[in-house]
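Listed below are the residues making up each chain.
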Amino acid sequence: MAGSFYRVTCPDCENEQVVFGKAATEVACAVCGHTLARPTGGKAAIEGDVTETVEAR
Ligand SMILES: [Zn+2]
């Protein structure tokens, strides 16, 4: 897999945001600032609810 994107729902404000599955930096919710993904050296750790996986090429 070349990498995929995840549609993540923020657990705090239910904002939907697309997060890169291999995010190298912390991804925060654009609305409330809740951390949605943390870099772990490989795959990002997704903190919110993944509602959809979007395959990327
Ligand atoms: Zn939020």
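Everything below is about the structure printed above this text.
We now turn to the structure provided with this report.

Cut-offs and rules
Residues numbered from 1 in each chain as written. Predicted model: local features only at pLDDT ≥ 70, side-chain atom pairs only at ≥ 80, totals over all residues. Heavy atoms only, no water. Helix = DSSP H or I, 4+ residues; strand = E, 2+ residues; numbered from the N terminus. Buried < 20%, exposed > 50% of the residue type's maximum accessible area, 1.4 Å probe, protein only. Salt bridge = Lys/Arg side-chain N within 4 Å of Asp/Glu carboxyl O.

### Examining the environment of Gly3
Alright, step 1. Tracing the backbone shows Gly3 in the segment before strand 1 (4–9).
Alright, step 2. A relative accessible area of 6% means that Gly3 is categorised as buried.
Alright, step 3. For the pair Gly3 and Ala28, spaced 25 residues apart in the sequence, the C-alpha separation amounts to 19 Å.

### Observations concerning the pattern of salt bridges
Alright, step 1. Applying the stated criterion across every chain, the model contains two salt bridges.
Alright, step 2. For the salt bridge of Arg7 with Glu52, the shortest nitrogen-to-oxygen distance reads 2.8 Å. With Arg7 in strand 1 and Glu52 in strand 6 (residues 49–55), this pair connects stretches of sequence that are 45 residues apart.
Alright, step 3. Overall, Arg7 belongs to the partly exposed group, its relative accessible area being 26%.

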